Amino acid sequence: MNARVPTPELQTLELQLDGRTVQALPGQTLWEVAMREGVEIPHLCHKDGLRPVGNCRACVVEVEGERTLAASCCRAAAPGMKVNIDSPRAVKARAMVLELLVSDAGSTDEYTRESELTQWANALDVPRGRLPQRARSYAAPDLSHAAIAVNLDACIQCTRCLRACREEQGNDVIGLALRGAAERIVFDAGDPMGQSSCVACGECVQACPTGALMPARGAGLAEITKKVDSVCPYCGVGCQLTWNVGPDGQGGERIHTVTGRDGPANQGRLCVKGRYGFDYIHNPRRLTVPLVRRHGVPKSPADIEAVKSGAKPLSELFREASWDEALALAAGGFARIRDAAQPGFDSPLAGFGSAKGSNEEAYLFQKLVRQVLHSSHVDHCTRLCHASSVAALLEGIGSGAVSNPVADVAQAEVIFLIGANPTVNHPVAASFIKNAVDAGATLIIADPRRQQLTRRAKWHLQFRPDTDVALLNGLLHVIIAEGLVDEGFIAARVQGYEALKASVAEATPERMAEICGIPADTLREVARTFATARSAMILWGMGVSQHVYGTDNARGLIALSLITGQIGRPGTGLHPLRGQNNVQGASDAGLIPMMLPNYQRVSEAAVRAQFEALWHSDIDPRPGMTVVEIMHAAHEGHIRGLFVEGENPAMSDPDLNFARQALCELQHLVVQDIFATETALLADVILPASAQPEKWGTYTNTDRLLQVGRPAVAPPGQARQDLWVIEQLARRLGAGWNYWRDEDGDGQAAAEAPVARVYEEMRGVMAPLAGVPWTRLQREEAVVTPAPAEDAPGQAVVFIDGFPTADGRARLVPTQFRPGVERTDSEYPFVLTTGRVLEHWHTGAMTRHASMLDAITPQALVSLHPLDAASQGVSDGAMVRLQTHHGEVVARASISDQVQRGQLFIPFAFWEAAANTLTGDALDAVAKIPGFKVTAARLQPA
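Rules used throughout
- Residues numbered from 1 in each chain as written.
- Predicted model: local features only at pLDDT ≥ 70, side-chain atom pairs only at ≥ 80, totals over all residues.
- Heavy atoms only, no water.
- Axes fitted to C-alpha atoms, helices over the stretch in contact; angles between N-to-C directions.
- Helix = DSSP H or I, 4+ residues; strand = E, 2+ residues; numbered from the N terminus.
- Parallel < 35°, antiparallel > 145°, perpendicular 65-115°, else oblique.
- Left-handed = near helix turned anticlockwise from the far one by under 90°.
- Contact = heavy atoms within 4.5 Å.
- Core = buried A, V, L, I, M, F, W, Y, C linked by side-chain atoms within 4.5 Å.
- Buried < 20%, exposed > 50% of the residue type's maximum accessible area, 1.4 Å probe, protein only.
- Pairing = 2+ DSSP bridges.
- Salt bridge = Lys/Arg side-chain N within 4 Å of Asp/Glu carboxyl O.
- Phe/Tyr/Trp six-rings, centres within 6.5 Å; stacked < 30°, edge-to-face > 60°.

Some points on the packing of helix α22 (residues 627-636) against helix α24 (residues 656-664)
Between α22 and α24, the shortest axis-to-axis distance is 8 Å and the interhelical angle comes to 55 degrees. In this view, α22 runs oblique relative to α24, as classed from their interaxial angle. For the crossing formed where α22 meets α24, the hand is left-handed. Seen from α22, the contacting residues are Met631, His632, Ala634 and His635; seen from α24, they are Phe658, Ala659, Ala662 and Leu663.

Describing the nonpolar core
With 79 residues, the main nonpolar core has Leu213, Trp243, Ile255, Tyr280, Ile415 and Leu443 as its most contacted residues. A total of six residues in this core trace back to one element, the largest contributor, which is helix α12 (residues 427-438). Apart from the residues within four sequence positions on either side, Ile255 is in contact with Trp243, Asn244, Val245, Phe278, Ile281, His282, Pro693, Ala712 and Val713. Within the second largest apolar cluster, 61 residues are counted, among which are Ala589, Phe611, Val708 and Ala787.

Considering the pairing of strand β17 (residues 414-418)
Counting buried residues in β17 gives five out of five residues, a clear majority hidden from the surface. Of the two faces of β17, the one carrying Val414, Phe416 and Ile418 and the one carrying Ile415 and Leu417 are both buried. Relative to strand β18 (residues 442-446), β17 runs parallel, the two being bridged by five bridges. Looking across to β18, one finds that Ile418 is bridged to Ala446. Sheet topology note: the β17/strand β21 (residues 536-540) ladder contains five bridges and is parallel. Note on β21: the bridge partner recorded for Phe416 is Ile538.

Description of the sheet that holds strand β1 (residues 13-17)
With mixed pairing, five strands are arranged side by side in an open sheet as β2-β1-β5-β3-β4. Whereas interior strands pair on both sides, the edge strands pair on one side only; in this sheet they are β2 (20-24) and β4 (70-71). Here β1 pairs with β2 via five bridges, running antiparallel. Bridging from a neighbouring strand, Glu14 pairs with Gln23 of β2. Sheet contacts for helix α2 (residues 88-105): β3 (60-63) and β5 (82-84); angle to β3, the most-contacted strand, approximately 160 degrees.

A look at the pattern of salt bridges
This model, assessed by the stated rule, comprises 52 salt bridges. We note a salt bridge from Glu510 to Arg524, for which the minimum N-O separation is 2.9 Å. Placement of the pair is Glu510 in helix α16 (residues 509-516) and Arg524 in helix α17 (residues 520-532), with a sequence separation of 14 residues. With a shortest N-O distance of 2.8 Å, Asp744 and Arg757 are connected by a salt bridge. A residue pair is termed long-range when its members are at least 10 positions apart, and Asp744 in the loop between α25 (722-732) and α26 (752-764) and Arg757 in helix α26 qualify at 13 residues. Since its relative accessible area comes to 12%, Asp744 is described here as buried.

What about helix α10 (residues 387-397)?
Counting buried residues in α10 gives nine out of 11 residues, a clear majority hidden from the surface. Of all the positions in α10, only Ala387, Ser388, Ser389, Val390, Ala392, Leu393, Leu394, Gly396 and Ile397 are classed as buried. One or two steps after α10, the chain reaches Gly398, where phi turns positive at roughly 85 degrees.

Quick look at the side chain of Ser431
Residue position: Ser431 is located in helix α12. Setting aside anything within four residues of it in sequence, one finds Ser431 in contact with Glu168, Gln169 and Arg269.

Describing the packing of α16 against α17
For any two helices packed against each other, the geometry is given by the interaxial angle and the distance between the axes. Two elements in contact, α16 and α17, have axes whose closest approach is 8 Å; the angle formed by their N-to-C orientations is 110 degrees. In terms of axis orientation, α16 runs roughly perpendicular to α17. Crossing angle aside, the handedness with which α16 passes α17 is right-handed. Of α17, the residues touching α16 (which contributes Pro509, Glu510, Met512 and Ala513) are Ala520, Leu523 and Arg524.

Here's the deal with the pairing of strand β12 (residues 253-260)
Bridge analysis of strand β11 (residues 240-247) against β12 gives seven bridges, and the strand direction is antiparallel. Considered in β12, the bridge of Val245 is made with Ile255. With antiparallel pairing between neighbouring strands as the criterion, β11 and β12 make up a hairpin whose turn holds five residues, including Gly249 at a positive phi of roughly 85 degrees.

Re the packing of aromatic side chains
Under the counting rule described, the total for this entry stands at 11 aromatic pairs. Ring centres 5.5 Å apart and planes at 85 degrees place the aromatic pair Trp323 and Trp724 in the edge-to-face group. Taken as a pair, Trp323 in helix α8 (residues 323-339) and Trp724 in helix α25 lie far apart in primary sequence, 401 residues in all. Accessibility classification places Trp323 together with Trp724 in one group, the buried group. Considering the side-chain rings of Trp696 and Trp774, the 6.5 Å spacing of their centres and the 55 degrees angle between planes classify their relative orientation as tilted.

Below, the structure written as structure tokens:
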């Protein structure tokens, strides 16, 4: 495993292994000792990372002085022990075990090319055919699941799948039923896998040694010619993985399967998106050639549904073009607008970069906007996700990043999870939370919606939507009134305590209970539990941040951590779970309008001087406009040109009808993407880009962990590397950039050198990367930041001795509960919340093109409470019309007790029922983030 801090040396013990004296650590098994000594012992039920159980007996060894053979996978080494691995008795027993298992499972090679049973049987020259075969009727094939094929005739009941499901991922789907010859693996209560509660994380598939559980569609039989280590392109957890690549049958290459790697953030685990959401890159709808809008064809929001539904071909709107023509048109349009206008804040040009691209792309994109387009208006989707969290963190503790990694939940006595549903949005992170709770940690959930983690929580505070501040102030009141604060920590490291104390003096649990709906006694119990814990960690998601008072919500969480001293130690701290795979890195790299790289404020003269000297360009001291402000400026004619790279504002922005019309009103819109997204359909020029598995780059996950992404396959057709495209536009706009050079190719195939050049420039202006040259990152695969020294590990836990503020002290900012702008009434009686579903990501640009993910969840479902469904005359699965002050959609109803009475939930990944048609664009005054989580709505049968 990489990027780990070395553990202290432990006292060793001595034993003999086949006559040789060897060392072992206390608690090490004989199997582990043998592996370290380079001696392989057959094993099937055992796998690194899983609890050893010793039930297959393929790993037995002989221990001198003992009557029976010992299973080496679960027998601990002891001082003076004499172990014979290759004694005739042990060798014969292992061979017989394998022969018996082969007689049960038959030829597992018909399901996988990598059957461990076959490999060990061949290695031991095990005879076939001497023993009776298990009846083929033992288990019929189960192909009910879109992503996983079940062939239990190949099962040897090793229980690796069961332990992977229950003990690693904590999903509790797989069990072992019956006994004797009838014993078998089951899903839930014997359901077909496709009808079970399986979440398709695929951990069971990765664990299975025989092919009894395999990726669907025969993927396990595909020829694999290379394995490429990289990182997952979806959420902020940053799981390391391996792309398994082989021939595509048409003369090219494709990714056939994905395996989880033992990375710091995932320890070999993946979720359904990481394991089965890769084939979007091979989708025939990929953009493969530059496109320009046909002369005289106007832009219209109506074209989005027409093209997406197949009613209108893309070719009616666009014609194909060469790269030279497309780049000339794209750059020429920007140049005409730029050269006729004022620079900086007054510029009529803007850019939306991508949180899915690499750090290098983010850095180069914001440099393009600022240095080459001469504009201050650059932003990305952090504005729609955690902008309020970052604003509050920068204000309160001087840093917008997390204080502790997700894995620190293993060291937390109390875990406070608020406004987040990690089993859906960050499933691998959720698995570590489950593990921690199963090991004894106390889980407190605060969220208006119930979730899978609810059954593991001691309390689920299902408060009324939009009353976060009241809930948090009630907790703060109890902690202060009962003297549970950490007075020493406050005196040494916090300012503003007296103002906070005065602010919450009237926020008694009884008064706050009337607002948030949580009983006063429960508020007291929760507050006491959090404040008196040895270590308590707060994790939150967009249920906290996506509010018009999102900054206040985050301020309350910061106060909760600071007044109890629950920060700066392992198992404590503040962790906003970042959404996109590189939203942390993109923000670090300066892809936000008020900050230059490394969160250096554009308003500070010394900061501007540094970058003006580096870029040879003036920088306006006024922060630029944010995403929603840019849309309003476009509608008003102040913004006339927009460059969008890997973002999809025509799906992700609030009040979509307004946003789409604003995009249509732009004089010049250039979109760089891998698909003809909803935004691309309104463009003047579309530039076909590369997907993450097709390029080099670095990515920074939610833990501040910097990791390397590597190319597995080439982009299709004439699609080009994103870095190359950005630089080509810059050159045509007059910049003398020289990152991508002739020896690096024509931009179609990935090249490491230009990425490294951009990275090293970025490292020179970003202090947290100072100790991570490109060579170190390639060598170590992952380095946690900040990493100030090349010869030392990065800092996983920060704020140990102080905060990065002028005086080293954190700042408390009091808040008061205020009702939001969206309020229910008799006409709009429901509160609508938007969010994600497990199988789809953000606007669906990738996952809706991933065949297995879209097969599992092909349509949007509106969740409503059973009593509300009854009162509205709606049955489960019926079509309903959902209306707000801003728009309406039609979708299918899903009756669920996960939502409260009066609450509705709809995911925003589906163009057929675009959720943001319903949301308003009122903004948080500080962070400029929209209030996606609360919209007044009504629902009726369609």
